[in-house]
Amino acid sequence: MGDSVAGLEALDSSAESRRPAPHVIAVDGSAASGKSTIGRRLAEKLGYPFLDTGLMYRAVTLAARERGVDTNDARGLTRLADSIRIGVGPAAPHSAETCSITIDGKDVTSQLRRPDVEDAVSLVSRVQGVREALVRQQREIAGQQPMVMAGRDIGTVVLPDADLKMYLDASIGERARRRHAEFSHQGRAVTEQIVLEDLRRRDQIDSERTVSPLRPADDAIIIETDGLSQQEVLRRALQLVDGAS
Ligand code: DC
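Residues numbered from 1 in each chain as written. Predicted model: local features only at pLDDT ≥ 70, side-chain atom pairs only at ≥ 80, totals over all residues. Heavy atoms only, no water.

Brief notes about the overall build of the chain
Inclusion rule: Here a helix means four or more residues in a row that DSSP labels H or I, a strand means two or more in a row labelled E, and each is numbered from the N terminus. Only protein chains enter the accessibility calculation, which uses a 1.4 Å probe; a residue whose area is less than 20% of its type maximum is buried, one above 50% is exposed, and one in between is partly exposed. Whether two residues touch is decided by their heavy atoms; if any such pair falls within 4.5 Å, the residues are in contact. Reported accessibility uses the Shrake-Rupley method at a 1.4 Å probe radius. Residues are deemed covered only where the shown protein chains occlude them. Residues counted as positive are Lys and Arg, residues counted as negative are Asp and Glu, and His and the chain ends are not counted. Charged groups are reduced to one reference atom each: NZ for lysine, CZ for arginine, CG for aspartic acid, CD for glutamic acid.
When helices and strands are counted, the chain shows 10 helices and eight strands. Evaluated residue by residue, the chain yields a buried proportion of 45% over its 245 residues. Nonlocal contacts in the chain, meaning residues at least 24 apart in sequence, comprise 72% of its contacts between residues at least 6 apart. With the model as given, the accessible surface of the chain reaches about 12500 Å², and the carbon-plus-sulfur share is 50%. In the chain, 33 side chains carry a positive charge and 37 a negative one; their mean positions are 5 Å apart.

Thoughts on the packing of aromatic side chains
This is how the line gets drawn: Classification of ring pairs rests on two measures: the distance between centres of Phe, Tyr or Trp rings, Trp counted by its six-membered ring, which must be within 6.5 Å, and the angle between planes, read as stacked under 30 degrees, edge-to-face over 60 and tilted in between. Only lysine NZ and arginine CZ atoms are considered, and such an atom sits over a ring when it is within 6 Å of the ring centre and within 35 degrees of the ring normal.
Inspection of every chain in the model, using the stated rule, returns zero aromatic pairs. Above the ring of Phe183, the side-chain terminus of Arg188 is found at 4.1 Å from the ring centroid.

A look at helix α8 (residues 172-185)
So the rule is basically this: To estimate the expected span of a helix, subtract one from its residue number and multiply by 1.5 Å.
Between the first and last C-alpha of α8 there are 20 Å, a value that for 14 residues agrees with the 20 Å anticipated at 1.5 Å per step. Among all positions in α8, only Glu174, Arg175, Ala176, Arg179 and Phe183 are buried. Of the surrounding elements, those touching the buried residues of α8 are α5 (115-124), β7 (164-169) and α9 (192-208). Positive phi shows up at Gly187, right after α8, with a value of about 80 degrees.

Regarding the pairing of β7
Put simply, the rule reads: The pairing criterion for strands is at least two bridges between them, as found by DSSP.
Counting buried residues in β7 gives five out of six residues, a clear majority hidden from the surface. When strand β1 (residues 24-29) meets β7, the two strands line up parallel, connected through five bridges. By the bridge assignment, Gly29 is partnered in β7 with Leu168. As judged from the four bridges shared by β7 and strand β8 (residues 221-224), these two strands associate in the parallel manner.

Quick look at the site of the ligand
What counts is decided by this rule: Any residue with at least one heavy atom within 4 Å of a molecule or strand is counted as near it. Residues adjacent in sequence count toward polar contacts only when both atoms are side-chain atoms; beyond that, a polar contact is any pair of N or O atoms within 3.5 Å, and within protein one must be able to donate a hydrogen and the other to accept it. Think of a 1 Å grid over just the protein atoms. A cavity is a set of points where a 1.4 Å probe fits yet cannot get out, a pocket is an open set with protein on both sides within 12 Å along at least five of seven lines, and lining residues have an atom within 4 Å of a point. Any molecule with more than half of its atoms within 2 Å of a cavity's or pocket's grid points is counted as sitting in it.
Around the ligand, 15 residues are found, and the nearest of them are Arg131, Arg152, Asp153, Arg202 and Arg209. Between Asp206 and the ligand, the recorded distance is 3.3 Å, taken from a side-chain N or O atom to an oxygen atom. Protein coverage of the free-state accessible area of the ligand, which is 460 Å², stands at 98%. With respect to the detected pockets, the ligand is housed in the largest pocket. Where the shell around the ligand is concerned, the elements lending two or more residues are α3 (54-67), α5 and α9. Examining the composition of the shell around the ligand, we find that three residues originate from one element, α3, more than from any other.

Okay, here's the thing in C-alpha coordinates:
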(Lines give C-alpha, C1' and ligand atoms only; values in the text may rest on other atoms or scores of the structure.)
Protein backbone atom coordinates (compact mmCIF):
# COMPACT_ATOMS: atom_id res chain seq x y z
CA MET A 1 0.00 0.00 0.00
CA GLY A 2 2.73 2.41 1.10
CA ASP A 3 4.61 1.42 -2.04
CA SER A 4 1.72 2.15 -4.31
CA VAL A 5 1.21 5.61 -2.77
CA ALA A 6 4.89 6.37 -3.18
CA GLY A 7 4.63 5.07 -6.73
CA LEU A 8 1.72 7.40 -7.44
CA GLU A 9 3.60 10.39 -6.05
CA ALA A 10 6.57 9.52 -8.19
CA LEU A 11 4.31 9.34 -11.24
CA ASP A 12 2.66 12.66 -10.40
CA SER A 13 5.90 14.54 -10.01
CA SER A 14 7.36 13.14 -13.21
CA ALA A 15 4.13 14.05 -15.03
CA GLU A 16 4.59 17.61 -13.71
CA SER A 17 8.17 17.78 -14.94
CA ARG A 18 7.08 16.43 -18.33
CA ARG A 19 4.23 18.84 -18.89
CA PRO A 20 3.00 18.18 -22.45
CA ALA A 21 4.19 20.80 -24.92
CA PRO A 22 1.47 23.16 -26.21
CA HIS A 23 0.07 21.83 -29.46
CA VAL A 24 -0.36 25.07 -31.31
CA ILE A 25 2.06 27.91 -30.77
CA ALA A 26 1.53 31.34 -32.32
CA VAL A 27 4.58 33.57 -32.82
CA ASP A 28 3.64 37.04 -34.01
CA GLY A 29 5.67 40.21 -34.38
CA SER A 30 6.69 43.10 -36.58
CA ALA A 31 8.92 42.83 -39.65
CA ALA A 32 12.44 41.62 -38.83
CA SER A 33 11.53 41.00 -35.18
CA GLY A 34 13.08 37.53 -35.43
CA LYS A 35 9.77 35.65 -35.31
CA SER A 36 10.57 33.35 -38.26
CA THR A 37 14.01 32.39 -37.01
CA ILE A 38 12.83 31.81 -33.46
CA GLY A 39 9.66 30.08 -34.63
CA ARG A 40 11.62 27.70 -36.79
CA ARG A 41 14.15 26.89 -34.07
CA LEU A 42 11.41 26.39 -31.52
CA ALA A 43 9.60 24.04 -33.91
CA GLU A 44 12.82 22.08 -34.47
CA LYS A 45 13.29 21.68 -30.71
CA LEU A 46 9.73 20.43 -30.29
CA GLY A 47 9.75 18.27 -33.43
CA TYR A 48 6.81 20.25 -34.84
CA PRO A 49 6.32 21.57 -38.37
CA PHE A 50 6.77 25.31 -38.81
CA LEU A 51 4.79 27.65 -41.03
CA ASP A 52 5.88 31.22 -41.75
CA THR A 53 2.60 32.73 -42.99
CA GLY A 54 4.39 35.81 -44.37
CA LEU A 55 5.62 33.56 -47.17
CA MET A 56 2.01 32.85 -48.18
CA TYR A 57 1.29 36.60 -48.51
CA ARG A 58 4.49 36.85 -50.52
CA ALA A 59 3.30 34.00 -52.77
CA VAL A 60 0.05 35.83 -53.61
CA THR A 61 2.09 39.00 -54.23
CA LEU A 62 4.46 37.14 -56.55
CA ALA A 63 1.53 35.67 -58.49
CA ALA A 64 0.02 39.18 -58.78
CA ARG A 65 3.29 40.57 -60.15
CA GLU A 66 3.62 37.76 -62.68
CA ARG A 67 0.01 38.06 -63.86
CA GLY A 68 -0.14 41.85 -63.91
CA VAL A 69 -2.73 42.26 -61.13
CA ASP A 70 -2.40 45.74 -59.61
CA THR A 71 -1.92 46.20 -55.84
CA ASN A 72 -4.99 48.51 -55.82
CA ASP A 73 -7.23 45.95 -57.50
CA ALA A 74 -8.77 44.31 -54.42
CA ARG A 75 -11.20 42.21 -56.44
CA GLY A 76 -8.52 40.96 -58.80
CA LEU A 77 -6.24 40.10 -55.86
CA THR A 78 -9.05 38.27 -54.08
CA ARG A 79 -9.87 36.28 -57.22
CA LEU A 80 -6.20 35.44 -57.58
CA ALA A 81 -5.83 34.32 -53.94
CA ASP A 82 -8.94 32.14 -54.33
CA SER A 83 -7.76 30.54 -57.55
CA ILE A 84 -4.10 29.71 -56.99
CA ARG A 85 -3.04 26.66 -55.02
CA ILE A 86 -0.34 27.53 -52.49
CA GLY A 87 1.58 24.55 -51.16
CA VAL A 88 3.73 24.78 -48.04
CA GLY A 89 6.41 22.35 -46.95
CA PRO A 90 9.60 22.11 -44.96
CA ALA A 91 12.57 24.18 -46.13
CA ALA A 92 14.91 22.50 -48.57
CA PRO A 93 18.32 21.57 -47.09
CA HIS A 94 20.66 24.64 -47.01
CA SER A 95 17.80 27.00 -47.93
CA ALA A 96 17.87 30.45 -46.29
CA GLU A 97 14.06 30.26 -46.03
CA THR A 98 12.21 28.64 -43.15
CA CYS A 99 9.65 26.85 -45.38
CA SER A 100 9.29 25.98 -49.05
CA ILE A 101 6.37 27.34 -51.05
CA THR A 102 4.77 26.23 -54.31
CA ILE A 103 2.18 27.97 -56.47
CA ASP A 104 0.09 25.50 -58.46
CA GLY A 105 2.80 22.89 -57.91
CA LYS A 106 5.76 25.06 -58.98
CA ASP A 107 8.41 25.82 -56.35
CA VAL A 108 8.69 29.62 -56.02
CA THR A 109 10.56 29.82 -52.71
CA SER A 110 13.59 31.58 -54.18
CA GLN A 111 11.40 34.35 -55.71
CA LEU A 112 9.60 35.41 -52.55
CA ARG A 113 12.09 38.06 -51.42
CA ARG A 114 12.49 39.71 -54.79
CA PRO A 115 12.58 43.51 -54.32
CA ASP A 116 9.33 43.98 -56.29
CA VAL A 117 7.59 41.43 -54.02
CA GLU A 118 9.10 43.09 -50.94
CA ASP A 119 7.73 46.47 -52.08
CA ALA A 120 4.21 45.25 -52.78
CA VAL A 121 3.51 42.61 -50.12
CA SER A 122 2.21 44.95 -47.40
CA LEU A 123 -0.25 46.43 -49.91
CA VAL A 124 -1.48 43.01 -51.04
CA SER A 125 -1.88 41.80 -47.47
CA ARG A 126 -4.25 44.71 -46.68
CA VAL A 127 -6.91 43.16 -48.91
CA GLN A 128 -9.65 41.45 -46.93
CA GLY A 129 -10.37 38.78 -49.58
CA VAL A 130 -6.69 37.83 -49.75
CA ARG A 131 -6.56 37.49 -45.97
CA GLU A 132 -9.72 35.40 -45.87
CA ALA A 133 -8.36 32.95 -48.46
CA LEU A 134 -5.04 32.56 -46.63
CA VAL A 135 -6.49 32.42 -43.11
CA ARG A 136 -8.76 29.57 -44.26
CA GLN A 137 -5.75 27.59 -45.46
CA GLN A 138 -3.73 28.40 -42.35
CA ARG A 139 -6.50 27.13 -40.06
CA GLU A 140 -6.81 23.94 -42.10
CA ILE A 141 -3.08 23.31 -41.81
CA ALA A 142 -3.07 23.93 -38.05
CA GLY A 143 -6.11 21.67 -37.61
CA GLN A 144 -4.17 18.68 -38.88
CA GLN A 145 -1.10 18.64 -36.63
CA PRO A 146 0.69 20.28 -33.73
CA MET A 147 2.70 23.18 -35.04
CA VAL A 148 4.41 26.53 -34.65
CA MET A 149 2.92 29.25 -36.87
CA ALA A 150 4.48 32.70 -37.29
CA GLY A 151 2.92 35.89 -38.67
CA ARG A 152 1.17 39.10 -37.71
CA ASP A 153 -2.34 37.94 -36.81
CA ILE A 154 -1.91 34.32 -35.72
CA GLY A 155 -2.77 34.92 -32.06
CA THR A 156 -5.48 37.51 -32.77
CA VAL A 157 -7.30 36.08 -35.82
CA VAL A 158 -5.99 32.83 -37.29
CA LEU A 159 -5.68 30.76 -34.12
CA PRO A 160 -7.24 32.73 -31.24
CA ASP A 161 -7.36 29.50 -29.20
CA ALA A 162 -3.64 28.73 -29.63
CA ASP A 163 -2.20 27.05 -26.52
CA LEU A 164 0.64 29.56 -26.34
CA LYS A 165 1.03 32.99 -27.94
CA MET A 166 4.23 34.95 -28.15
CA TYR A 167 4.75 38.39 -29.62
CA LEU A 168 8.31 39.36 -30.50
CA ASP A 169 9.29 42.98 -30.70
CA ALA A 170 12.42 45.09 -31.00
CA SER A 171 13.16 48.74 -31.66
CA ILE A 172 13.19 49.79 -35.29
CA GLY A 173 16.94 50.54 -35.09
CA GLU A 174 17.71 47.02 -33.87
CA ARG A 175 15.47 45.43 -36.52
CA ALA A 176 17.07 47.53 -39.27
CA ARG A 177 20.53 46.46 -38.10
CA ARG A 178 19.54 42.78 -38.18
CA ARG A 179 17.82 42.97 -41.57
CA HIS A 180 20.72 44.93 -43.04
CA ALA A 181 23.19 42.30 -41.79
CA GLU A 182 21.06 39.58 -43.45
CA PHE A 183 21.02 41.50 -46.73
CA SER A 184 24.79 42.09 -46.60
CA HIS A 185 25.28 38.38 -46.00
CA GLN A 186 23.20 37.69 -49.12
CA GLY A 187 25.34 40.18 -51.09
CA ARG A 188 22.51 42.73 -51.46
CA ALA A 189 23.85 46.28 -51.62
CA VAL A 190 21.49 48.52 -49.66
CA THR A 191 22.20 51.00 -46.87
CA GLU A 192 20.95 50.50 -43.31
CA GLN A 193 19.05 53.78 -43.61
CA ILE A 194 17.05 52.52 -46.60
CA VAL A 195 16.32 49.26 -44.76
CA LEU A 196 15.11 51.28 -41.76
CA GLU A 197 12.85 53.49 -43.88
CA ASP A 198 11.35 50.45 -45.59
CA LEU A 199 10.67 48.77 -42.24
CA ARG A 200 8.99 51.95 -41.02
CA ARG A 201 6.79 52.04 -44.13
CA ARG A 202 5.81 48.38 -43.68
CA ASP A 203 5.17 48.76 -39.92
CA GLN A 204 2.84 51.62 -40.71
CA ILE A 205 0.86 49.75 -43.39
CA ASP A 206 0.72 46.54 -41.29
CA SER A 207 -0.44 48.24 -38.12
CA GLU A 208 -2.81 50.80 -39.63
CA ARG A 209 -4.71 48.54 -42.03
CA THR A 210 -8.37 48.03 -41.16
CA VAL A 211 -8.38 44.23 -41.52
CA SER A 212 -6.39 42.30 -38.88
CA PRO A 213 -3.86 45.03 -38.04
CA LEU A 214 -0.60 44.04 -36.45
CA ARG A 215 -1.02 44.00 -32.68
CA PRO A 216 -0.34 41.54 -29.86
CA ALA A 217 -3.26 39.37 -28.71
CA ASP A 218 -4.47 40.28 -25.21
CA ASP A 219 -3.16 36.95 -23.93
CA ALA A 220 0.16 37.01 -25.83
CA ILE A 221 3.43 37.08 -23.94
CA ILE A 222 5.57 39.89 -25.26
CA ILE A 223 9.28 39.27 -25.68
CA GLU A 224 11.37 42.40 -26.19
CA THR A 225 14.44 41.20 -28.04
CA ASP A 226 16.65 44.33 -28.08
CA GLY A 227 20.06 43.34 -26.80
CA LEU A 228 19.21 39.62 -26.68
CA SER A 229 20.99 37.02 -28.81
CA GLN A 230 18.94 34.49 -30.79
CA GLN A 231 20.01 31.88 -28.26
CA GLU A 232 18.64 33.97 -25.39
CA VAL A 233 15.33 34.56 -27.15
CA LEU A 234 15.04 30.85 -27.90
CA ARG A 235 15.76 30.02 -24.26
CA ARG A 236 13.00 32.40 -23.18
CA ALA A 237 10.58 30.86 -25.69
CA LEU A 238 11.41 27.36 -24.44
CA GLN A 239 10.80 28.49 -20.84
CA LEU A 240 7.36 29.65 -21.91
CA VAL A 241 6.70 26.29 -23.57
CA ASP A 242 7.68 24.57 -20.32
CA GLY A 243 5.19 26.72 -18.47
CA ALA A 244 7.81 28.86 -16.72
CA SER A 245 7.49 32.58 -17.20
O1 DC B 1 6.88 38.42 -42.18
P2 DC B 1 7.08 38.94 -43.61
O3 DC B 1 7.90 40.18 -43.69
O4 DC B 1 7.56 37.90 -44.55
O5 DC B 1 5.60 39.32 -44.08
C6 DC B 1 5.35 39.84 -45.34
C7 DC B 1 4.08 40.70 -45.32
O8 DC B 1 2.97 39.87 -45.10
C9 DC B 1 4.05 41.79 -44.26
O10 DC B 1 4.01 43.04 -44.89
C11 DC B 1 2.79 41.60 -43.52
C12 DC B 1 2.08 40.46 -44.17
N13 DC B 1 1.64 39.43 -43.24
C14 DC B 1 0.39 39.56 -42.72
O15 DC B 1 -0.28 40.56 -42.99
N16 DC B 1 -0.11 38.60 -41.92
C17 DC B 1 0.62 37.52 -41.60
N18 DC B 1 0.10 36.56 -40.81
C19 DC B 1 1.93 37.38 -42.11
C20 DC B 1 2.42 38.38 -42.92
